[in-house]
Amino acid sequence: MTDQIKQRIVSGMRPTGNLHLGNYEGALKNWIRLQDSGDYECFFFIADLHALTSDYADTSAIKQNTIDMVSDWLAAGLDPERSTIFVQSAIAEHSELHLILSAVTPLGWLERSPTYKEQRENITAKDINNYAFLGYPVLQAADIILYKASFVPVGKDQASHIELTREIVRRFNNFFGEVFPEPQALHTEVLTLPGTDGRKMSKSYGNAIYLIDSAEVVREKARQMITDRTRIKRTDPGHPENCDVCQMHRFFLTTEIADQFDDDCRHARIGCVDRKRALADAIIEKYGAIAERSHQLRDNPDEVIAILKRGSERARQEAQITMAEVRRAIKMDWA
Ligand code: TRP
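Residues numbered from 1 in each chain as written. Predicted model: local features only at pLDDT ≥ 70, side-chain atom pairs only at ≥ 80, totals over all residues. Heavy atoms only, no water.

### Digging into the pairing of strand β3 (residues 83-87)
Now for step 1: By the criterion of burial, β3 is predominantly enclosed, with 5 of the 5 residues buried.
Now for step 2: Side chains S83, I85 and V87 project from β3 onto one buried face, and the interleaved T84 and F86 project onto a second face that is buried too.
Now for step 3: Judged from the 5 bridges that link them, strand β2 (residues 40-46) and β3 form a sheet pairing that is parallel. Looking at the pairing, C42 lines up with S83 of β3. (Buried < 20%, exposed > 50% of the residue type's maximum accessible area, 1.4 Å probe, protein only. Helix = DSSP H or I, 4+ residues; strand = E, 2+ residues; numbered from the N terminus. Pairing = 2+ DSSP bridges.)

### So, the site of the ligand
Now for step 1: As a matter of local geometry, the ligand sits amid 13 residues, with R14, Y136, Q140, D143 and Q158 nearest to it.
Now for step 2: Here an oxygen atom of the ligand and a side-chain polar atom of R14 are 3.2 Å apart.
Now for step 3: Here D143 contributes a side-chain N or O atom positioned 2.7 Å from a nitrogen atom of the ligand.
Now for step 4: Summarising the interface, the protein chains cover 92% of the accessible area of the ligand, which totals 360 Å² for the free molecule.
Now for step 5: Among the secondary structure elements, those contributing two or more residues to the shell around the ligand are β1 (7-13) and α8 (136-145).
Now for step 6: By residue number, the principal contributor to the shell around the ligand is α8, which donates 4 residues.
Now for step 7: Here the residues of the shell around the ligand sort into 6 nonpolar, 5 polar and 2 charged. (Near = heavy atom within 4 Å. Polar contact = N/O pair within 3.5 Å; in protein donor to acceptor, adjacent residues only side chain to side chain. Areas by Shrake-Rupley, 256 points an atom, 1.4 Å probe, with all protein chains shown as cover. Nonpolar A, V, L, I, M, F, W, Y, C, P; charged D, E, K, R; others polar.)

### Description of the domain arrangement of the protein chain
Now for step 1: One can read the domain layout of the protein chain as domain 1 (7-193 + 301-329) and domain 2 (212-295).
Now for step 2: Computed from C-alpha atoms alone, the centre-to-centre distance between domain 1 and domain 2 is 36 Å.
Now for step 3: Of the residues lining the interface, 11 residues belong to domain 1; the matching set on domain 2 comes to 9 residues.
Now for step 4: Counting the surface lost from both domain 1 and domain 2, the interface buries some 930 Å², and carbon and sulfur atoms represent 69% of this.
Now for step 5: When the area that domain 1 buries against domain 2 is broken down by residue, the three leading residues are L21, A75 and L193, summing to 49%.
Now for step 6: Between K286 and E25 there is a salt bridge, with the nearest N and O atoms lying 3.1 Å from each other.
Now for step 7: Taken together, domain 1 and domain 2 are joined by 4 residue pairs in polar contact (both at pLDDT 80 or more).
Now for step 8: The set of elements that each furnish at least two residues to the side of domain 1 that touches domain 2 consists of α1 (21-37) and α3 (62-76). (Domains from an automatic or database assignment. Contact = heavy atoms within 4.5 Å. Buried area = accessible area lost by both parts, 1.4 Å probe. Salt bridge = Lys/Arg side-chain N within 4 Å of Asp/Glu carboxyl O.)

### Regarding empty space enclosed by the protein
Now for step 1: Per the counting criterion, the structure on display carries 1 cavity of 30 Å³ or more.
Now for step 2: Quantified by volume, the largest cavity comes out at close to 60 Å³.
Now for step 3: Considering the residues around the largest cavity, the lining is formed by T227, D228, R231, C243, C246, C265, I270, G271, C272 and R275.
Now for step 4: Classifying every residue of the lining of the largest cavity gives 5 nonpolar, 2 polar and 3 charged. (1 Å grid on protein atoms, 1.4 Å probe; cavity = no way out; pocket = protein on both sides within 12 Å on 5 of 7 lines; lining within 4 Å. Points joined across faces, edges and corners; volume = space filled by probe spheres on them.)

### A word on the environment of V10
Now for step 1: Note on placement: V10 falls in strand β1.
Now for step 2: Expressed as a C-alpha distance, the spacing of V10 and V152, which sit 142 residues apart in the sequence, is 5.4 Å.
Now for step 3: Setting aside residues no more than four positions away along its own chain, V10 makes contact with F43, F45, D143, I144, Y147, A149, F151, V152 and P153.

### A short note on the packing of aromatic side chains
Now for step 1: By the definition in use, this model includes 15 aromatic pairs.
Now for step 2: For the ring pair W31 and F44, a centre distance of 4.5 Å and an interplane angle of 10 degrees mean the geometry is stacked. Residue W31 is located in helix α1, and its partner F44 is located in strand β2; the two are separated by 13 residues in the primary sequence. F44 carries the same exposure label as W31, and that label is buried.
Now for step 3: Its guanidinium or amino end placed over the ring of W109, R171 lies 6.0 Å from that ring's centre, counting from NZ or CZ.
Now for step 4: Here R199 stacks its cationic end above the ring of Y205, 3.9 Å away from the centre of that ring. (Phe/Tyr/Trp six-rings, centres within 6.5 Å; stacked < 30°, edge-to-face > 60°. Lys NZ or Arg CZ within 6 Å of the ring centre and 35° of its normal.)

### Notes on the packing of α3 against helix α14 (residues 301-329)
Now for step 1: Close contact between α3 and α14 brings their axes to 10 Å; oriented N to C, the two are set at 85 degrees. Here α14 runs roughly perpendicular to α3, going by the angle between their axes. Facing α3, whose interface residues are T66, I67, V70, S71 and L74, α14 presents P301, V304, I305, I307 and L308.
Now for step 2: Of the residues assigned to the contact of α3 with α14, the class counts are 8 nonpolar, 2 polar and no charged. (Axes fitted to C-alpha atoms, helices over the stretch in contact; angles between N-to-C directions. Parallel < 35°, antiparallel > 145°, perpendicular 65-115°, else oblique.)

### Here's the deal with the side chain of H161
Now for step 1: Within the fold, H161 resides in helix α9 (residues 159-176).
Now for step 2: For H161, a relative accessible area of 3% gives the class buried.
Now for step 3: Here Q158 takes part through its side chain, which lies 2.9 Å from a polar atom of the side chain of H161.

### Comments concerning the pattern of salt bridges
Now for step 1: A complete count under the given rule lists 28 salt bridges for this structure.
Now for step 2: Taking the shortest distance from any N to any O, the salt bridge between D68 and R298 comes out at 3.6 Å. A residue pair is termed long-range when its members are at least 10 positions apart, and D68 in helix α3 and R298 in helix α13 (residues 272-298) qualify at 230 residues.
Now for step 3: Since its relative accessible area comes to 13%, D68 is described here as buried.
Now for step 4: For R298, a relative accessible area of 19% puts it in the buried group.
Now for step 5: One salt bridge in this structure joins D213 and K221, with 2.7 Å as the shortest N-O distance.
Now for step 6: For D213, a relative accessible area of 14% translates into the label buried.

Below you can see the structure in the form of C-alpha cells.
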C-alpha cells in the first residue's frame with residue numbers, strides 16, 4: 001500500500017513528563033502496535049497547547065516534560081521513520097483551525113461536555129475559569145481533522161471528545177461543503193494496571209512505577225508495597241485477593257502462573273518477600289530495556305529535539321494543505 005491510500009491515525013498526549021507503566025500499557029503500546037502494523041499513516045504529537053489551557057500560570061515545566069515524554073515514546077518503539085512525531089505548538093495551523101472551528105461550535109456543546117463538567121467540579125488546584133479551557137475539545141477537534149484522520153486511538157475517557165469532533169465536522173461541512181471526514185475513535189480494551197497501592201496506576205495517586213525507573217527503584221517500590229495485612233508470620237496462610245503485590249503481579253503473568261503463585265501464597269509455601277521480589281523481577285524484565293534506551297535519549301536531548309523538529313516540519317506540510325482548502329471553503333483565501 002502506498003501512503004496515499006493508507007488511512008490516517010492521529011493521537012496526542014498532554015506533556016505530563018515521565019510515562020508510567022499504566023500509560024504504556026493503556027495507550028502507548030497501542031500506538032506502537034498501530035504503527036508496526038504498517039496499515040496506517042500515523043501522526044503522534046505532544047499536546048502542549050492543551051497543557052496551556054489549564055497550566056497557563058506556570059509553563060516552565062512543559063518543555064522538559066515534552067522531551068522526557070518523547071524520550072519514553074521513542075524508547076518504547078515509536079519510530080520517527082515510520083510515524084510523524086511532532087509538537088502541537090510548533091504548527092500554527094492547529095491554532096488557526098481551532099479559531100475557525102470555535103466559530104461554528106455552539107457554547108452549549110462545550111458547557112454540556114461531561115469531561116468539562118467533571119473537571120469544573122474536581123479541579124481546585126488551578127483556576128480553569130478561562131476561555132481556552134472551555135474550548136479544549138475544539139482544539140482537540142482541530143488536532144484531529146487538520147490531518148483528516150480516519151481513526152483516533154484514545155482511552156474511553158476521550159469518547160465524548162471524539163463525538164464532539166464528529167459533531168463539529170458535520171456542522172462545518174454543512175456550512176462550507178464536504179471538507180472534513182468524520183473521524184472514528186479506536187478504543188482498545190485494555191486491562192487496567194494497578195499501582196503500588198492496588199488502585200489504578202496514576203501519577204496523581206503517587207502509586208506509579210515509571211518506565212525509566214531503574215532496577216533499584218523498582219525493587220524499592222515493590223519492597224514498600226503492602227501485602228495481606230492479616231498475614232503476620234511467614235507461616236500464616238496468605239490472602240492474595242487482599243494483597244496489592246499479588247494484584248499487580250498477576251498483571252504480568254499468565255492466569256495459570258498467577259493462580260499457581262496465589263496457591264503457593266494461600267498455603268504459605270512462599271512469603272510476601274518472595275512475591276515482591278518476583279514482582280520486581282517481572283517488571284524489570286519487561287521494561288528494563290525501555291528504561292535504558294530512554295535514559296540514553298535523555299542524555300542526548302538535542303537528538304530528541306531534532307527528531308521533533310523534523311516531525312513538526314513534516315506535519316506542517318500536511319497541515320498547510322488542509323488549511324489552504326479550509327481558507328478557500330470559508331472564502332478567506334488571502335494567504
Ligand atoms: N485530550 C487528550 C487526552 O487528554 C489529548 C489530546 C489532545 C488528543 N488532542 C488530541 C488525543 C487529539 C487524541 C487526538 O488524553
